[in-house]
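One letter stands for each residue in the lines below.
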Amino acid sequence: MSRIGVFVCHCGTNIGGVVNVPEVVEAARHMPLVAYADANKYTCSEVGQASIRDAIREQRLDRVVIASCSPRMHENTFRRTVAAAGLNPYLLEISNIREHCSWVHSDSKDATAKAIDLVRMAVAKVARHESLLPKQVGLTKRALIIGGGITGIQAALDIASAGHEVVLVEKEPSIGGRMSQLDKTFPTLDCSACILTPKMVDVAQHPNITLLTYSEVKEVRGFVGNFEVDILKKAKMVDYVKCTGCGTCWQACPERIPSEFDMGLGSRPAIYIPFAQAVPNKPVIDIANCRYEKYLKWKETEEGPEPPQCRICEGVCPTEAIDRSQKDEIITEKFGAVVVTTGFKTFDHSVYGEYGGGRYPDVISSLELERLMSAAGPTGGEVLRPSDGSHPKNVVFIQCVGSRDDKVGRPYCSKVCCMYTAKHAIMLREHDHEVQCYVFYIDVRAGGKDFEEFARRAQDETGALYLRGRVSQIYQEGKNLKVLGEDSLIGRPVEIEADLVVLATGMEPSDNADLIAQKLNISYNTYNFLIEAHPKLRPVETQTDGIFVAGTCVGPRDIPDCVAHGGAAAAKVVALLSQDSLTTDPLTSIVDPMKCVGCFACKEVCPFNAIDEQVTRDKRTIASINESLCKGCGLCVVACRPGAVNLRGFTSQQLLSEVLTLVRG
Amino acid sequence: MHATAAEYDVSTRLVCQKLGVELRELEDWVCCGASAAHSTDHLLSLALPAHTLKQAEEKGLPLAVPCAMCFSRLKFTLHELENKDTLALVSGAVGKELSTAVTVKPMLQVLADEDIPLPIAKPLSGLKVACYYGCLLVRPPEVVGFDDAENPQTMDHLIERLGAEAIDWGLKTSCCGAGVAFARLDVVLKLSHRILSLAQKSGADCVAVACPMCHANLDMYQKDMTVKLGWKTELPVLYFTQLMGLSLGFSPKELLLDKHITNPLPMLREKKLT
Amino acid sequence: MPETSAIVLEPTNNFLSFVQSHTGENITSCYQCGKCSAGCPTAYAMDITPRQVMRGIQLGLKDEILDSSAIWLCVSCQTCSLRCPREIDIAKIMESLRLFSQAEGRPPAQREIAVFYSAFLQQVRLFGRLHEIGLAITYNVLSMHFFNNIKRLPALLTRGKLKLVPQRTKGSSEVRQIEARVKELERKSS
């Protein structure tokens, strides 16, 4: 015979203000198998927990029901409480009489009756609980980082410095990400490349870091501590062992393609490094644009005119490093943890027809302006209008393009645009003292250390005229652009004739962020930003154990925040990899091998790939649960027609006894 | 259409005849009420177009609408009638059982259909045209469902098919001042002047329009613009159907090109198109 | 705005609720970016800009809004509604404000525009369609601008662009019937 203890919590007035707690306690005393019942002001307090531990010992209780808040809140706390008194932690049932009762009802009588029912059900269930034991599994002490921007670089360096192996996968030919495209950084105006390049070099030189550029993650299997990842290494057509990065090939290549790095404002050859400080400083051949590769492709069909054979790079390479035999290759690696740092791209402003829809050459995005201002950019750091190469004197900035705009499906604030526009206004004036900047803004959001001071500087010191209002239309008038806005502070429409218009385009996740999330089984929002396990308390964890997220793939943030975020993810990874084994939750599904008919309906519905096939001694193929992967969601239980699958801690028998207790009254 | 915009009426009929598009004028169409009705009485602004829609429905024909304002009001009415309660209410006002089973298209869309071959007799080579759509042909997009609301292309493509050059310019869909000409001519002058100036600055020889109201505002007041706003030249404003007619071989006289207040004939002669 | 004292804000804003429920538009969501006024072709001539009209509704300033010239200078070109980042149909709200202003018998701040609209409708009532000369005469008489547009007459007449005799369609009687039924329906509903 069980001896069940029931502990009802007042939760201050949260429960006690609505539910008549003494009445619930009294009712509990008369429930079957209940040996003891009592109330607490705050059960989660040290005093409350001590009273439970004492009662278990003194009353020789072997099962416990706690009627309090949601189990999401304190179940783990109370499991430790009963374990401290010598009980198996799974011989505990939480009855939620706060979120499910006192918070949603106002009538005290009804709420009390419902609380009594809820407690009665919990008592019936806990009577059928069994002791469960967690298991230990081993782990691979290596981390995978997806994305080599500043966040990924920081995370890689921190994990590697803690002594763990790191593989950093980057889809571009170089690491560095968006930060490498920037000229200066706010609010200190340090040169972006000057502070980023040393970190990139550190990554390349760190003995614990393996850098896989021009590579992508294809598939992820396994679970926390034991991930198995297929990585596609795209053919670079260059043997990196032989290549010295001398640059002869990319200077000789006759092909010119719009440079992605320069936002199409400059060009690059077909064999290229994206920018001078690239890491690794060795080129790749862009197969789609290489003349000889086009010739080889033509040769297969001989359709259309014969393209020229080029092979100039092969001719000039002093170390014979060009290797056209390279093929795309998929490698499989094991990891204990994964950090996703896939970053952002800027909003494509061509959807704004009223701003020209991308057809006015002198309406450019802020990232394009960064390239024009950069000394390493297509104009050598001179800001020249794309249309005619002249020096712009009247420059209009428009904030919130692709941000705070439901019309284009981007209601969120991109957080960095106010600050980088202030930087642009300051820098433009530094480039050319005759420049007059106009900034159309809705609000200047300058929350952050030294940010407000910096934003003020743009207005106070460089004479940028800030106009509060969103621009409605830009149109070409002769050589210049007419900008129609409202100064909403004075309440009158304004018109400006501009030489150059810079659109402060917002942030959105990189292409395929959603596909990567699907491969990793983590969630993402409607804009494809990845979703953290808790926006405040678990900002770099995800709902999938062992997968971490950081940087702008989670939401808009600036460089200091990205570095901090990357470091935070690294700390979580290091904590995980510092363990010698991992404890798994025993609340998983189990298969009754006698009842299973091998239909695998369970496998179809399992979101965690936790169902394996297993052959029994009598040669039947049946389902078996990988307990490390199983999250205990219970979908398989519902899908199983013969009723062979059960969920520990929530068995059909346990749930049925709750229901029966309720309906029998 | 029969009076101020006779040029549009006549040229549309000629072009349709030539292209084999059979037009039947609804005998009892009534005015849509324009902004006058929807500024003063919401139900009336739905009932007037609904009456016309009903006639088209009874005839079982799609409705080709030359005027942008009428098109807008008819489309808006159709859009509103999607709501069952509105349908019942407006049916009560019209005194007939209404439905939304009527196709309404702007005349521009009908005639710009690329499946209708254009037997070009005289290509309009060398003529630079600023296509002006006005506000109501393309707005609001979810109601009219016609072309791009910010940078429409239908008329541009049509004009290019006639052998002329459609220039790219930024005020294709800006407002000309619409119906406030009587009451606030100053507003119409300012708005229309801005449109004409940009068209001219962008290199246009003329402006093509698809709406009698736009035409009136852009064509009629150029002299006033000279007096009030220092508008120095004249820029002919033609209906797109007149340009079609010209390229299909009709004479300027047949197309009533001599009826405009701003005379387009000198320009056309200079371009050797008459 | 003519107020000389501070705006006294009340906890309940009946005007806001009234406008919102009659238009079905969420005016509260306006964050005052001013894109409507930036693109409005007639905003320069208005006493307050469309953005300020939205703000006035948010603050419940019924008189200032319904007596403004802004609501009459709106030409319903829909540019504001097309581009509003909060997807508010501002043109629809302006139209409703004109109706509310008239329903309360307020003298329109742009009398000529209101007069033009009623002259226009009178033509439609008479003939089923628009008769330009009739419209001009009616408008000139009602607005007391007797010689408005008179100088344009010769040019229009010589080009045959005006017909002296209106086309009267069967439609005209139907317009009057429709209008009578509209009036009846509106009387019932109010």
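Everything quoted here is computed from the prediction, not taken from an experiment.

1. With respect to the overall build of chain A
Of the regular secondary structure elements, chain A holds 18 helices and 34 strands. Seen along its three principal axes, the alpha-carbon backbone of chain A occupies a region of about 90 × 70 × 45 Å. Taking all 665 residues of chain A together, 54% fall into the buried category. Long-range pairs, those at least 24 residues apart, make up 70% of the contacts in chain A between residues at least 6 apart in sequence. Here chain A contributes 74 positive and 82 negative side-chain charges, whose respective centroids are spaced 5 Å apart.

2. Topic: the overall build of chain C
Each helix and strand in chain C was counted, giving 11 helices and zero strands. Helices and strands appear in chain C in the N-to-C order α-α-α-α-α-α-α-α-α-α-α. A burial count over chain C gives 56% of its 190 residues as buried. Partitioning the intrachain contacts of chain C with sequence separation of at least 6 by distance along the chain shows that 68% fall at a separation of at least 24. Just so you have it, chain C exposes about 8700 Å², and 58% of that area is on carbon and sulfur atoms.

3. Observations concerning the packing of helix H1 (residues 21–29) of chain A against helix H5 (residues 108–126) of chain A
All names here are of chain A. Relative to each other, H1 and H5 sit at 35°, their axes nearing to 9 Å. Of the two possible hands of crossing, H1 and H5 adopt the one that is right-handed. Of the residues in H5, those touching H1 at Glu-23, Val-24, Ala-27 and Ala-28 are Thr-112, Ala-115, Ile-116 and Val-119. Split into classes, the residues belonging to the contact of H1 with H5 amount to six nonpolar, one polar and one charged.

4. As for the packing of aromatic side chains
Summed over all chains, the structure comprises 15 aromatic pairs over all chains. Look at Phe-7 of chain A and Tyr-36 of chain A: their rings are 5.9 Å apart centre to centre, the planes differ by 50°, and that puts the pair in the tilted class. In this pair, Phe-7 of chain A is assigned in strand S1 (residues 4–9) and Tyr-36 of chain A in strand S2 (residues 34–40), connecting sequence segments 29 residues apart. Relative to Tyr-239 of chain B, the ring of Tyr-8 of chain B lies with its centre 4.3 Å away and its plane at 5°, an arrangement referred to as stacked. Note that Tyr-8 of chain B is positioned in helix H1 (residues 6–19) and Tyr-239 of chain B in strand S6 (residues 237–239), a separation of 231 residues in sequence.

5. So, the side chain of Asn-13 of chain C
Residue and element names in this part refer to chain C. Mapped onto the fold, Asn-13 is located in the segment before helix H1 (14–23). By relative accessible area, which is 18% here, Asn-13 ends up buried. Side-chain polar atoms of Asn-13 contact the backbone nitrogen of Leu-16, separated by 3.0 Å. Reaching out from Asn-13, the side chain makes a polar contact with the backbone oxygen of Ile-57 at a distance of 3.4 Å. Once residues lying within four places of it in the same chain are set aside, the contact partners of Asn-13 are Ile-57, Gln-58, Leu-59 and Gly-60.

6. What to know about the interface of chain C and chain A
Taken together, the 20 residues of chain C in the interface contact 21 residues of chain A. Together chain C and chain A conceal approximately 1600 Å² of surface at their shared face, both sides included; 45% is due to carbon and sulfur atoms. On the chain C side of the interface with chain A, the three residues burying the most area are Tyr-31, Lys-35 and Arg-83 of chain C, jointly 33% of the side's total. Inspection of the region where chain C meets chain A yields three salt bridges. Note that Arg-86 of chain C is salt-bridged to Asp-406 of chain A, the shortest N-O span being 2.9 Å. Applying the counting rule to chain C against chain A returns 14 residue pairs in polar contact (both at pLDDT 80 or more). Every element with two or more residues in the side of chain C that touches chain A is listed here: helix H2 (35–39), helix H3 (50–59) and helix H6 (79–83) of chain C. For the side of chain C that touches chain A, the element with the most residues is H2 of chain C, which contributes four residues. Its residues placed into classes, the side of chain C that touches chain A shows eight nonpolar, seven polar and five charged.

7. Notes on the packing of H1 of chain C against helix H7 (residues 90–103) of chain C
All names here are of chain C. Their axes nearest at 10 Å, the elements H1 and H7 cross at an angle of 115°. Classified by the angle between their axes, H1 and H7 sit roughly perpendicular to one another. At the point where H1 passes H7, the crossing takes the right-handed sense. Contacts between H1 and H7 pair Phe-15, Phe-18, Val-19, His-22 and Thr-23 from the former with Lys-92, Ile-93, Ser-96, Leu-97 and Phe-100 from the latter. Looking at side-chain class alone, the contact of H1 with H7 contains six nonpolar, three polar and one charged residues.

8. Considering empty space enclosed by the protein
Residues and elements named next belong to chain B. Applying the stated criterion to the full structure yields 11 cavities of 30 Å³ or more. In this structure, the largest cavity spans a volume of roughly 120 Å³. If you trace the largest cavity, you find 17 residues lining it, with Cys-135, Leu-136, Ala-178, Met-213 and Cys-214 closest to the centre. Secondary structure elements with two or more residues in the lining of the largest cavity: helix H4 (68–81) and helix H10 (212–220).

9. What about the pattern of salt bridges?
Within the structure shown, the criterion is met by 65 salt bridges over all chains. Among the ionic pairs, Arg-324 of chain A bridges to Glu-314 of chain A, the shortest N-O distance being 2.4 Å. Of this pair, Arg-324 of chain A sits in the loop between helix H10 (312–316) and strand S17 (329–335) while Glu-314 of chain A sits in helix H10, and the two are 10 residues apart along the sequence. Taking relative accessible area as the criterion, Arg-324 of chain A reaches 16% and is therefore assigned buried. Put simply, Asp-205 of chain B and Lys-271 of chain B hold a salt bridge, and the shortest N to O gap is 3.2 Å.

10. Comments concerning the domain arrangement of chain A
The parts lose accessible area when they come together, and the size of an interface is often stated as this lost area. All names here are of chain A. As assigned here, chain A comprises domain 1 (4–126), domain 2 (135–234 + 328–343 + 510–581), domain 3 (235–325), domain 4 (348–508) and domain 5 (588–647). Relative to domain 4, the C-alpha centre of domain 2 lies at a distance of 32 Å. With 18 residues of domain 2 at the contact, the number on the domain 4 side is 26 residues. Buried area between domain 2 and domain 4, both sides added, is near 1800 Å², and the carbon and sulfur share of it is 70%. When residues of domain 2 are sorted by the area they lose upon contact with domain 4, Asp-183, Phe-186 and Tyr-527 head the list and together hold 33% of the total. The closest approach of N and O atoms between Asp-561 and Lys-415, which form a salt bridge, is 3.2 Å. The interface formed by domain 2 and domain 4 includes four residue pairs in polar contact (both at pLDDT 80 or more). Looking at the side of domain 2 that touches domain 4 residue by residue, the classes come out as seven nonpolar, five polar and six charged.

11. Some points on the state of the cysteines
Residues and elements named next belong to chain A. A full pass over the atoms with the stated rule returns one disulfide over all chains. Across the disulfide from Cys-191 sits Cys-194; the S-S distance is 2.4 Å. Because the sign of the S-S torsion sets the handedness, a value of about 85° for the bond joining Cys-191 and Cys-194 places this disulfide among the right-handed ones. Residue Cys-9 stays outside any disulfide, its sulfur separated by 5.2 Å from that of Cys-11, the closest cysteine.

12. Looking at the pairing of strand S26 (residues 492–498) of chain A
All names here are of chain A. As paired strands, strand S25 (residues 480–487) and S26 are joined by seven bridges and run antiparallel to one another. What sits directly across from Val-483, in S26, is Ile-496. Taking the residues that link successive antiparallel strands as the turn, the S25-S26 hairpin has four residues, and the phi of Gly-491 there is positive, at about 80°.

13. A look at the nonpolar core
With 179 residues, the main nonpolar core has Val-501 of chain A, Val-207 and Phe-240 of chain B together with Ile-57 and Leu-97 of chain C as its most contacted residues. When near neighbours in sequence (up to four residues on either side) are disregarded, Phe-240 of chain B contacts Tyr-8, Met-107, Leu-108, Leu-111, Met-155, Leu-158, Ala-208, Val-209 and Ala-210 of chain B. The next biggest cluster of nonpolar side chains, apart from the first, holds 55 residues, and it includes Ala-156, Phe-275, Ala-337 and Ala-610 of chain A.

14. Section: helix H3 (residues 71–84) of chain A
Because the α-helix completes a turn every 3.6 residues, residues three or four places apart line up on one side. All names here are of chain A. Between its first and last C-alpha, H3 extends 19 Å over 14 residues, near the 20 Å set by a 1.5 Å rise per residue. Restricting attention to buried positions, one finds in H3 the residues His-74, Thr-77, Phe-78, Arg-79, Thr-81 and Val-82. Buried residues along H3 sit in contact with helix H2 (46–58), strand S3 (63–68) and strand S4 (92–96). Of the residues one or two after H3, Gly-86 is the one with positive phi, at around 95°.

What counts as what
- Residues numbered from 1 in each chain as written.
- Chains lettered and ligands numbered in written order.
- Predicted model: local features only at pLDDT ≥ 70, side-chain atom pairs only at ≥ 80, totals over all residues.
- Heavy atoms only, no water.
- Helix = DSSP H or I, 4+ residues; strand = E, 2+ residues; numbered from the N terminus.
- Buried < 20%, exposed > 50% of the residue type's maximum accessible area, 1.4 Å probe, protein only.
- Contact = heavy atoms within 4.5 Å.
- Lys, Arg positive; Asp, Glu negative; His and termini not counted.
- Charge placed at Lys NZ, Arg CZ, Asp CG, Glu CD.
- Areas by Shrake-Rupley, 256 points an atom, 1.4 Å probe, with all protein chains shown as cover.
- Axes fitted to C-alpha atoms, helices over the stretch in contact; angles between N-to-C directions.
- Left-handed = near helix turned anticlockwise from the far one by under 90°.
- Nonpolar A, V, L, I, M, F, W, Y, C, P; charged D, E, K, R; others polar.
- Phe/Tyr/Trp six-rings, centres within 6.5 Å; stacked < 30°, edge-to-face > 60°.
- Polar contact = N/O pair within 3.5 Å; in protein donor to acceptor, adjacent residues only side chain to side chain.
- Buried area = accessible area lost by both parts, 1.4 Å probe.
- Salt bridge = Lys/Arg side-chain N within 4 Å of Asp/Glu carboxyl O.
- Parallel < 35°, antiparallel > 145°, perpendicular 65-115°, else oblique.
- 1 Å grid on protein atoms, 1.4 Å probe; cavity = no way out; pocket = protein on both sides within 12 Å on 5 of 7 lines; lining within 4 Å.
- Points joined across faces, edges and corners; volume = space filled by probe spheres on them.
- Domains from an automatic or database assignment.
- Disulfide = S-S within 2.5 Å.
- Pairing = 2+ DSSP bridges.
- Core = buried A, V, L, I, M, F, W, Y, C linked by side-chain atoms within 4.5 Å.
- Expected span 1.5 Å × (residues − 1).

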